[in-house]
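Breakdown of the fold
Chain residues, written in single-letter form:
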Amino acid sequence: MAEITLRVNGNERKVSVTPQTPLLWVLRDTLELSGTKFGCGAGLCGACTVHVDGAAVRSCSTLVSQVTGKSITTIEGLSTKGLNPLQQAWIAEEVPQCGYCQSGQIMAAAALLAKNPHPSDEEITQAMSGNICRCGTYDRIRRAIHRASNAGGAR
Amino acid sequence: MNPVSRREFIGAGVAAGAGLVIGFYLPHRSSVGGGDFFVPNAYLKITPDNKVTVVVARSEMGQGVRTALPMILAEELEADWKQISIEQAGASTLYGDQSTGGSASVRSTWDPMRKAGAAAREMLISAAALKWGVGRASCKAENGTVVHLGSNRRLTYGQLVGSAATLPIPTDPPLKQAKDYKIVGIRVARIDTPSKANGTAEYGIDFRLPDMKYAVLARCPVIGGKVASFEDRESKQVPGVSYVGKIGDSAVAIVADSTWSAIEGRRALSVTWDEGPNKDLSSAVIMESLKQSASKKGATLYSVGDVSKVVGRRIQAAYELPFMAHAPMEPGNSTAYYQGSKCEIWSPTQVPQDVRDSAAQAIGLDPDQVKVNVTLLGGGFGRRLEHDYGVEAALVSKAISGPVKVLWTREDDMRNSTYRPASYHQMSAVLDAQGWPIAFSHRIVMPSINIQKGFPAEGGVDAEVKEEASFVYSFPNISVEYVMTETPIPLGWMRSVNALQVAFASESFLDELAVAGAKDPLELRLHLLSKNEDIQGWHTARMPAVLRLAAVKAGWGKPLPPGHYHGIAGFACFNSYMAEVVEISMQNDRPRVHRVIGAIDCGQVINPNILEQQIQGGVIYALTNALRAKITFDKGRVVQGNFDDYEPVRMSEAPVVEAYFIPSTEVPTGAGEPPVPPLAPALCNAIFAATKKRVRALPVLG
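Residues numbered from 1 in each chain as written. Chains lettered and ligands numbered in written order. Predicted model: local features only at pLDDT ≥ 70, side-chain atom pairs only at ≥ 80, totals over all residues.

Turning our attention to the overall build of chain A. Across its full length, chain A holds 5 helices and 5 strands. In chain A, the succession of α and β elements from N to C terminus is β-β-α-β-β-β-α-α-α-α. In terms of overall dimensions, chain A is globule-like: its C-alpha atoms have a radius of gyration of 15 Å, near the 15 Å expected for 155 residues. Dimensions of chain A along its principal axes, counting C-alpha atoms only, are 45 × 30 × 25 Å. Relative to its full complement of 155 residues, chain A shows a buried share of 62%. (Helix = DSSP H or I, 4+ residues; strand = E, 2+ residues; numbered from the N terminus. Rg over C-alpha atoms; globule rule 2.2 N^0.38 Å. Buried ≥ 20, exposed ≤ 12 C-beta atoms within 10 Å, placed from the backbone.)

See the structure below:
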């Protein structure tokens, strides 16, 4: 066990966990931020996607010791005031079905738009193909990203 | 589908001071026709604060029941949609069958939801008329209020519920006509969407109790194997691990203060397994035994004329499909709190009552001492028709005498699931001199899900196979047979169940017949559907309509971009009619699916947005099944483990899916599963169009 200080959604959080614990389980079990989901535990599905210093990472395959001192953003912290344009686009396009993968999808899309405010279809496909959706919402995810892009991106 | 009789309907309740409460009955497919007494299993509640709550015993797994079901009720109630909310019912001894499956949620609730809404509306109108001392006929319900047409006075439902609750409940309230619908048939926004866009939606895996522990189980990797012994010294040294113990005969639980500690504790555990009778089992041996069984005559599912006496040009082919896994995104989990004389469970389940009864039996309580709460489900697809996670959670909670969440990892789910049965299909047909088929035989060889699970056979076979081996085409000679086999592989109902296997074989073979007889595949199907008749409850006239709609929208028969090819297939199941056209090109000998056009006739559409989601989702789910989904067994073990070797379709492979429906005021029928079966044959028919090579075994990518 080690005392580790994390910066999550703008707040300093102290946790006592083994340094090899994946960030995912620290977020979910220790910090009770359950919007970030467990899907595969192997970086294959993207359900656990969060931002570390603005980049989309798979929290199931990122050790908590690797992110000390870095800025971590989860779905709960994506927007500080209400919903951001990306989340509004998700609602407008009625993207979710079961919804389980959607936190990860939105975090992946937000990281894409932050880097590339007006992605092409091909760029969307490249950025989003690491995220699996068993309900098959891909068409609508693409449309929502375009909509958010037109509305001013993820900010 | 069955209309609900009066005695099944309306059981009334006056909840003093709590507003108007009406209980009604939602039949499930399996319970229709059973029981002579009224047991309400859903409630409509209108409270003085003007809120309308519909308590429903159906699980939300993405198919939109939390929105679609209250829409049906709100329409008849003349409610303001903003007043409506839904409350999830847990397992109850009061309710009928609460299972969510068989694409049955809308079709089984259509009548009772409408009648409950209409009854409440009539009572509210009466209450207003009495209050104002005017005739009922001068009052009208609209938008959550009753208005007096003469004076334009208006009272909200909330203001009326107190007096409405004292009135008799009408047993046969008038129902609205489809042309007057204001909510049904509209793209009403789903109630659950905002919570799924901001991370607050709570699934089973997210539920937590104070001081709750976390557990994973080490299960025997060989099907049917048991724990011989285990060594837990190293496991217990993992920080956070508090308990290691045997659960049942075939698993060891590792309990810790976090999920990760439990997973690490399992890694450190050493178990010696008694691998049991299946340790040499392999997929190849299973498929070989299915092939051998194909020489046997099966039980007749459907027969016309005599296929054995037809003379002409004979065409034969055999098709095979592998075992498949549901793999919903939310891995298995349940939370349980055993407290001696009672146990409470929170589970993402499609079968809360089965979880209750099975858990009760496992931990030695009566069912009424076990409470099961239903959370949101992160996908279901039939996987959560099993009670396994809930029972495990109850057992582990009993073992540690405290609250615990049992979690399955992805590998646990892939390797300890129930699977869509593998199957083998012997097809045979005879063409006449003009190339039209005049005899069609389909021998289905497949283990039965229902018989393995202990449900009784009907006429010697699994009745669900008969239902899903539906046949809508007219031939002068038809034989559909089922050779029911057995397997030790645990079987489960997976989205569209047996219809997927049947449709792949029969709709691919029809394409072979079209090619052999030099007919256009669409033309052949329309020819076989040209008689307007009922075949085993299917109306042949509804099938050509969806085939034509899909064909027109796809541009069937018109020039495509160079290198692009079409394939078509249709299938009727879950009381609905579905056709799909798939457009592909071949890239490095692999199909690239560009566009899928789906057309459905599922009767009255409740919410076009949700229906479109079901078609888009069903097509993508079916595309994974067709391209790659294959569970294999070696030495009694599942070979695949995660999304690398059982890889669902990703955005990079996902086609554009266009969804169309036949406008209809017929009774609503299934929507969640019908989009699945036509996809694989339509895809493989397109591959034939492109390559002249027939795919007779799934998955396409081997």
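This part takes up the overall build of chain B. Summing up its helical and strand segments, chain B has 17 helices and 30 strands in all. Projected onto the principal axes, the alpha-carbon positions of chain B cover approximately 80 × 70 × 50 Å. For chain B, buried positions account for 58% of its 702 residues. A fraction of 78% describes how many contacts in chain B between residues 6 or more apart in sequence connect residues 24 or more apart. (Contact = placed C-beta atoms within 7 Å.)

Tracing the chain through its elements places Pro239 of chain B in the loop between helix 5 (233–237) and strand 11 (241–247). Considered as a pair, Pro239 of chain B and Ser258 of chain B are 19 residues apart in the sequence and their alpha carbons are 9.8 Å apart.

All names here are of chain A. Once the domains are mapped, chain A shows domain 1 (2–75) and domain 2 (85–150). A C-alpha centroid distance of 21 Å is found between domain 1 and domain 2. At the interface, 15 residues of domain 1 touch 12 residues of domain 2. Elements with a contribution of two residues or more to the side of domain 1 that touches domain 2: strand 3 (49–52) and strand 4 (55–58). For the side of domain 1 that touches domain 2, the element with the most residues is strand 3, which contributes 3 residues. Of the residues in the side of domain 1 that touches domain 2, the class split is 7 nonpolar, 7 polar and 1 charged. (Domains from an automatic or database assignment. Nonpolar A, V, L, I, M, F, W, Y, C, P; charged D, E, K, R; others polar.)

The figure often quoted for interface size is the accessible area lost as the parts come together. Residue and element names in this part refer to chain B. Each domain of chain B was delimited in the assignment, giving domain 1 (6–192), domain 2 (204–276 + 332–407) and domain 3 (283–324 + 419–691). Placing the centre of domain 1 and that of domain 3 at their C-alpha centroids yields a distance of 38 Å. Each partner contributes residues to the interface: domain 1 has 19 residues there, and domain 3 has 21 residues. Secondary-structure elements contributing two or more residues to the side of domain 1 that touches domain 3 are helix 1 (65–77) and helix 2 (105–132). Broken down by element, the residue count for the side of domain 1 that touches domain 3 peaks at 4 residues, all from helix 1.

To continue, consider the interface of chain A and chain B. Taken residue by residue, the interface counts 42 residues in chain A and 48 residues in chain B. Every element with two or more residues in the side of chain A that touches chain B is listed here: helix 1 (23–30), helix 2 (85–92), helix 3 (102–115), helix 4 (121–128) and helix 5 (138–150) of chain A. A per-class count over the side of chain A that touches chain B returns 22 nonpolar, 15 polar and 5 charged.

This part covers the sheet that holds strand 14 (residues 299–304) of chain B. All names here are of chain B. Spatially, the 5 strands line up as an open sheet ordered 14-22-21-20-15, and their pairing is mixed. The open sheet has two free edges, formed respectively by strand 14 and strand 15 (313–321), since each of these has just one partner strand. Looking at each pair of strands side by side, their axes are set apart by 10 degrees on average, direction ignored. Note that strand 21 (residues 437–447) and strand 22 (residues 477–485) share 9 bridges and pair parallel. Along strand 22, the bridge assignment pairs Pro447 with Thr485. Strands strand 15, strand 20 (423–431), strand 21 and strand 22 of the sheet are contacted by helix 7 (residues 283–293), whose axis makes an angle of about 35 degrees with strand 20. Strands strand 15, strand 20 and strand 21 of the sheet are contacted by helix 13 (residues 498–516), whose axis makes an angle of about 150 degrees with strand 15. (Pairing = 2+ DSSP bridges. Axes fitted to C-alpha atoms, helices over the stretch in contact; angles between N-to-C directions.)

Quick look at the sheet that holds strand 27 (residues 590–601) of chain B now. Residues and elements named next belong to chain B. The strand order across the open sheet formed by 4 strands is 25-26-27-30, and the pairing between neighbours is mixed. Edge positions in the sheet fall to strand 25 (564–573) and strand 30 (656–661), since each has one partner strand and no second. With direction set aside, neighbouring strand axes in the sheet form an average angle of 20 degrees. The pairing of strand 27 with strand 30 spans 6 bridges and is classified as parallel. Residue pairing across strands places Ile597 opposite Glu658, the latter belonging to strand 30.

On to unusual backbone geometry, then. In the segment running from Leu698 of chain B into Pro699 of chain B, the intervening peptide bond is cis, with an omega of 0 degrees. The phi dihedral of Glu94 of chain A is positive, around 50 degrees, even though this residue is not glycine. Tracing the sequence through the fold places Glu94 of chain A in the loop between helix 2 and helix 3. A residue is classified by how many C-beta atoms lie within 10 Å of it, and Glu94 of chain A, with 21 of them, is buried. Backbone geometry places Ala327 of chain B, a non-glycine residue, at a positive phi of 50 degrees.

Residue and element names in this part refer to chain B. Within the secondary structure, Leu149 is located in the loop between strand 7 (145–148) and strand 8 (154–156). Judged by C-beta crowding, with 11 C-beta atoms within 10 Å, Leu149 ranks as exposed. With residues up to four places along the chain from it excluded, the contact list for Leu149 reads Ser138 and Lys140.

Bringing the pairing of strand 4 of chain A into the picture now. Residue and element names in this part refer to chain A. Bridge count between strand 3 and strand 4: 4 bridges; the pairing is antiparallel. Across the sheet, the residue bridging to His51 is Ala56, located in strand 4. Linking two consecutive strands that pair antiparallel, namely strand 3 and strand 4, is a turn of 2 residues; a positive phi of about 50 degrees is found at Asp53 within it.

Glancing now at helix 6 (residues 259–267) of chain B. Where burial is concerned, most of helix 6 of chain B is hidden: 8 out of the 9 residues are buried. Of the positions making up helix 6 of chain B, those classed as buried are Thr259, Trp260, Ser261, Ala262, Ile263, Glu264, Gly265 and Arg266 of chain B. On its buried face, helix 6 of chain B sits against helix 1 of chain A together with strand 9 (213–219), helix 5, strand 11, strand 12 (251–256) and strand 19 (404–407) of chain B.

Attention now moves to helix 1 of chain B. Residues and elements named next belong to chain B. Compared with the 18 Å implied by 1.5 Å per residue over 13 residues, the 18 Å span of helix 1 between its first and last C-alpha is a close match. Summarising burial for helix 1: 13 of the 13 residues are buried, a large majority. Looking one or two residues past helix 1, Glu78 carries a phi angle of roughly 55 degrees, positive in sign. (Expected span 1.5 Å × (residues − 1).)

Residues and elements named next belong to chain B. Ranked by size, the top nonpolar core spans 267 residues in total, and within it Leu124, Ala215, Ile254 and Leu683 carry the most contacts. In terms of residue count, helix 2 provides more of this core than any other element does, 12 residues in total. Excluding its chain neighbours within four sequence positions, the residues that come into contact with Ile254 are Ala215, Val216, Ala218, Ser235, Val241, Val244, Ala262, Gly265, Arg266 and Leu269. (Core = buried A, V, L, I, M, F, W, Y, C linked by C-beta atoms within 7 Å.)

It is worth spelling out the packing of helix 13 of chain B against helix 14 (residues 521–528) of chain B at this point. All names here are of chain B. Helix 14 packs onto helix 13 with a crossing angle of 105 degrees between their chain directions and a minimal axis gap of 9 Å. The pairing of helix 13 with helix 14 is recorded here as roughly perpendicular in orientation. In this structure, helix 13 uses Leu510, Asp511, Leu513 and Ala514 to contact helix 14, whose residues at the interface are Pro521, Leu524 and Arg525. Residue classes in the contact of helix 13 with helix 14 are distributed as 5 nonpolar, no polar and 2 charged. (Parallel < 35°, antiparallel > 145°, perpendicular 65-115°, else oblique.)

A word on the packing of helix 14 of chain B against helix 15 (residues 542–554) of chain B. Residue and element names in this part refer to chain B. Where helix 14 meets helix 15, the closest approach of the two axes is 10 Å, and the angle between their N-to-C directions is 160 degrees. Considering their axes alone, helix 14 and helix 15 lie roughly antiparallel with respect to each other. As helix 14 runs across helix 15, the sense of the crossing is left-handed. Two secondary-structure elements touch here, helix 14 through Leu522, Arg525 and Leu526 and helix 15 through Pro544, Leu547 and Ala551. In terms of residue class, the contact of helix 14 with helix 15 is made up of 5 nonpolar, no polar and 1 charged. (Left-handed = near helix turned anticlockwise from the far one by under 90°.)

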